[in-house]
Amino acid sequence: MPNDRRAWHPGGTYFFTVNLLERTGNDLLIRHIAELRASVRVVKARYPFTIHAWVVLPDHLHCVIELPQSDSDFATRWRLIKDGFSKSIPLTETRSSVRLRRGERGIWQRRYWEHLIRDEQDFVAHMDYVHINPLKHGLVERVAEWPYSTFHRLVEGGVYPHDWAGGGLNNLDDDD
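Residues numbered from 1 in each chain as written. Predicted model: local features only at pLDDT ≥ 70, side-chain atom pairs only at ≥ 80, totals over all residues. Heavy atoms only, no water.

Engineer: Sorry, what's going on with the pattern of salt bridges here?
Structural biologist: Two side chains of opposite charge can pair, provided their charged atoms sit close to one another. Throughout the structure, instances matching the rule amount to ten salt bridges. Residue Asp71 is joined to Arg77 by a salt bridge in which the shortest nitrogen-to-oxygen separation is 2.6 Å. Asp71 sits in the buried class, given a relative accessible area of 17%. Between Glu93 and Arg105 there is a salt bridge whose closest N-O contact spans 2.6 Å. Of this pair, Glu93 sits in the loop between helix H3 (74–88) and helix H4 (97–102) while Arg105 sits in the loop between H4 and strand E4 (113–116), and the two are twelve residues apart along the sequence. (Salt bridge = Lys/Arg side-chain N within 4 Å of Asp/Glu carboxyl O. Buried < 20%, exposed > 50% of the residue type's maximum accessible area, 1.4 Å probe, protein only. Helix = DSSP H or I, 4+ residues; strand = E, 2+ residues; numbered from the N terminus.)

Engineer: Please explain the nonpolar core as it appears in this structure.
Structural biologist: One recurring pattern in soluble globular proteins: nonpolar side chains tend to sit buried together. If you look at the biggest cluster of nonpolar residues, it comprises 44 residues, and the most contacted ones within it are Phe16, Leu36, Phe49, Trp54, Leu61, Trp78 and Trp108. Going through the elements one at a time, strand E1 (13–19), helix H1 (28–31), helix H2 (33–46), strand E2 (50–56), strand E3 (60–66), H3, helix H5 (120–136) and helix H6 (151–156) are the ones with two or more residues in this core. What Leu61 contacts, discounting residues up to four positions off in sequence, is Phe16, Thr17, Val18, Leu29, Leu36, Trp54, Val55, Val56, Trp78 and Trp108. (Core = buried A, V, L, I, M, F, W, Y, C linked by side-chain atoms within 4.5 Å. Contact = heavy atoms within 4.5 Å.)

Engineer: Looking at this structure, how should I read the sheet that holds E1?
Structural biologist: Either a parallel or an antiparallel arrangement is found when strands of a sheet pair, and the pairing is made through backbone hydrogen bonds. Read from one edge to the other, the open sheet built from four strands follows the order E2-E3-E1-E4, with strand pairing classed as antiparallel. In this open sheet, the two edge strands, each paired with only one partner strand, are E2 and E4. Between one strand and the next, the sheet's axes are offset by a mean angle of 10°, whatever the strand orientation. Direction of pairing for E1 relative to E3: antiparallel, over a ladder of seven bridges. Directly across from Thr13, in E3, lies its bridge partner Glu66. (Pairing = 2+ DSSP bridges. Axes fitted to C-alpha atoms, helices over the stretch in contact; angles between N-to-C directions.)

Engineer: Looking at this model, I keep getting lost on the packing of aromatic side chains. Mind explaining?
Structural biologist: When we look at a pair of aromatic rings, we describe it by the centre distance and by the angle of the planes. Scanning the model with the defined rule gives 15 aromatic pairs in all. Seen in terms of ring centroids, Phe85 and Trp108 are 5.6 Å apart; in terms of plane orientation they differ by 65°. Their pairing is edge-to-face. Remark: Trp108 occurs in the loop between H4 and E4 and Phe85 occurs in helix H3; sequence separation between them is 23 residues. When its relative accessible area of 0% is taken as the criterion, Phe85 is described as buried. Measuring from ring centre to ring centre gives 6.0 Å for Phe151 and Trp164, while their planes differ by 35°; the resulting arrangement is tilted. Of the two residues, Phe151 is situated in helix H6 and Trp164 in the segment after H6; the sequence distance between them amounts to 13 residues. The buried category is assigned to Phe151, whose relative accessible area is 0%. Pairwise contacts between aromatic rings join Trp8, Tyr14, Phe16, Trp54, Phe74, Trp78 and Tyr112 into one cluster. (Phe/Tyr/Trp six-rings, centres within 6.5 Å; stacked < 30°, edge-to-face > 60°.)

Engineer: Could you clarify how one ought to interpret the pairing of E3 in this entry?
Structural biologist: Every regular strand shows the same layout, with side chains that alternate between the two sheet faces. Burial of E3 is extensive: six of the seven residues sit out of reach of the surface. Between E2 and E3, which pair antiparallel in sequence order, lie three residues.

Structure (structure tokens):
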């Protein structure tokens, strides 16, 4: 995608959606969650960013991250995260002739969705979107049940209540 179509804003806070190439029935990201976490950790150490929200689903992920004040290069971060993850797992996927010719793996979609957060209301809406995604996709009945999310850290920090968006215990009718 041409650079002029991206919102390059030093110190910006961004929402991202990053998808696997093959999404149907693919649980690669949660099956190899340790490798994904390691890749993020390595890139974050070299190219710092703040993670405000992150959720990993079987076939895609969403996050809200903030770049340092003098930095707008989220593209390098995503290239390195995807590359590091891809190199850390066995080569088992089918690859097209184009990907073979380019020496690419067949794991990730080449592009990703990026949105520059505009204000506090936009920030809150995207934080909520990230964390409700496992419930939205029918992976859990309560947001708190999904283990691959910053939701738990934010509950500990007092940002969300444990029972937010379907969390908590089932209530029994007093008449039962």
